[in-house]
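The lines below spell out each chain.
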Amino acid sequence: MTTAPDTPQSLAEAVGRGMYERDHCAQAHGIELLEIAPGYARMSMTVRKDMVNGHDIGHGGMTFTLADTAFAYACNAANEVTVAAGCSITFPAPAKLGDLLTAECREVHKRGRSGVYDVTVTTQDGTVVGLFRGQSARLAGSVIPVPGASHA
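Given the structure is predicted, the values throughout are model-derived calculations rather than measurements.

## Notes on the overall build of the protein chain
Along the protein chain, the regular secondary structure elements total three helices and six strands. Listing every helix and strand of the protein chain by position from the N terminus yields α-α-β-β-α-β-β-β-β. In summary, the protein chain has a C-alpha radius of gyration of 16 Å against a globular reference of 15 Å for 152 residues, a match within 12%. C-alpha atoms of the protein chain, sized along the principal axes, occupy 55 × 30 × 20 Å.

This is the structure in structure tokens:
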């Protein structure tokens, strides 16, 4: 018999594992979940040849995908189904082929069904290549089933 996670941290870790099992986009792009906590996620991805654009730099859409994925894990970590309501990104510097990108997402504000999250994407040497802000909207339901919890 599986027991329910007994702390917010253990719940976040269970949500992270459950989401990643079904996250075919993250898996296909080599995005790895490094750390998750309530309102927080850190993920990484190596810039591959198929992620470089016609200017021979990392495609901005790939940096966005990594940031958006970290945002998704951070805002779902409390096991409440949450989706993006809006987001934006700025690219202060380009990523390059072979760079190991790390996206760190932190909850900035959460109230009712809405939240605001900031993601910083850096290269292995600390160069900031993406500054992302996401607004979340909570929907009904749980991300993963929790044994012993009532399902409304």
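## Some details on the nonpolar core
Formed by 35 residues in total, the largest nonpolar core has its most connected members in Met45, Leu66, Phe71, Leu101, Cys105, Val119 and Val121. Listing elements by their share of this core, those giving two or more residues are α1 (8–22), β2 (40–46), α3 (60–76), β4 (100–111), β5 (114–122) and β6 (128–138). The biggest single contributor to this core is α3, with eight residues.

## Quick word on the pattern of salt bridges
A side chain of one charge can pair with a side chain of the opposite charge when the charged atoms of the two come close. Going through the model one piece at a time under the given rule, you end up with six salt bridges. Between Arg42 and Glu35 there is a salt bridge, and its shortest N-O distance comes to 3.3 Å. A salt bridge links Asp50 to Arg48, with the shortest nitrogen-to-oxygen separation between them at 3.0 Å. The class for Asp50 is exposed, based on a relative accessible area of 58%. One salt-bridge network, in which partners are shared between bridges, spans Glu80, Lys110 and Arg138.

## A few points about the environment of His59
Position of His59 relative to the elements: it lies in the loop between β2 and α3. Exposure remark for His59: the relative accessible area of 42% places this residue in the partly exposed category. Distance from His59 to Lys96, taken between C-alpha atoms, is 8.9 Å for residues 37 residues apart in sequence.

## Some remarks on the environment of Ala67
As for its placement among the helices and strands, Ala67 is situated in helix α3. Since its relative accessible area comes to 0%, Ala67 is described here as buried. Between the C-alpha atoms of Ala67 and Ala85, which are 18 residues apart in sequence, the distance is 15 Å. Those residues in contact with Ala67, other than ones at most four positions away along the chain, are Ile89, Ala103, Val119, Val121 and Phe132.

## Focus: the packing of α1 against α3
Two numbers describe how α1 lies on α3: the axes approach to 9 Å, and their chain directions differ by 135 degrees. On the basis of the axis angle, α1 is oblique to α3. In the crossing of α1 with α3, the sense of the turn from one axis to the other is right-handed. Residues Val15, Gly16, Met19 and Tyr20 of α1 form the contact with α3, whose own contacting residues are Ala72, Tyr73 and Asn76.

Each value, and the rule that gives it
- Residues numbered from 1 in each chain as written.
- Predicted model: local features only at pLDDT ≥ 70, side-chain atom pairs only at ≥ 80, totals over all residues.
- Heavy atoms only, no water.
- Helix = DSSP H or I, 4+ residues; strand = E, 2+ residues; numbered from the N terminus.
- Rg over C-alpha atoms; globule rule 2.2 N^0.38 Å.
- Core = buried A, V, L, I, M, F, W, Y, C linked by side-chain atoms within 4.5 Å.
- Buried < 20%, exposed > 50% of the residue type's maximum accessible area, 1.4 Å probe, protein only.
- Salt bridge = Lys/Arg side-chain N within 4 Å of Asp/Glu carboxyl O.
- Contact = heavy atoms within 4.5 Å.
- Axes fitted to C-alpha atoms, helices over the stretch in contact; angles between N-to-C directions.
- Parallel < 35°, antiparallel > 145°, perpendicular 65-115°, else oblique.
- Left-handed = near helix turned anticlockwise from the far one by under 90°.

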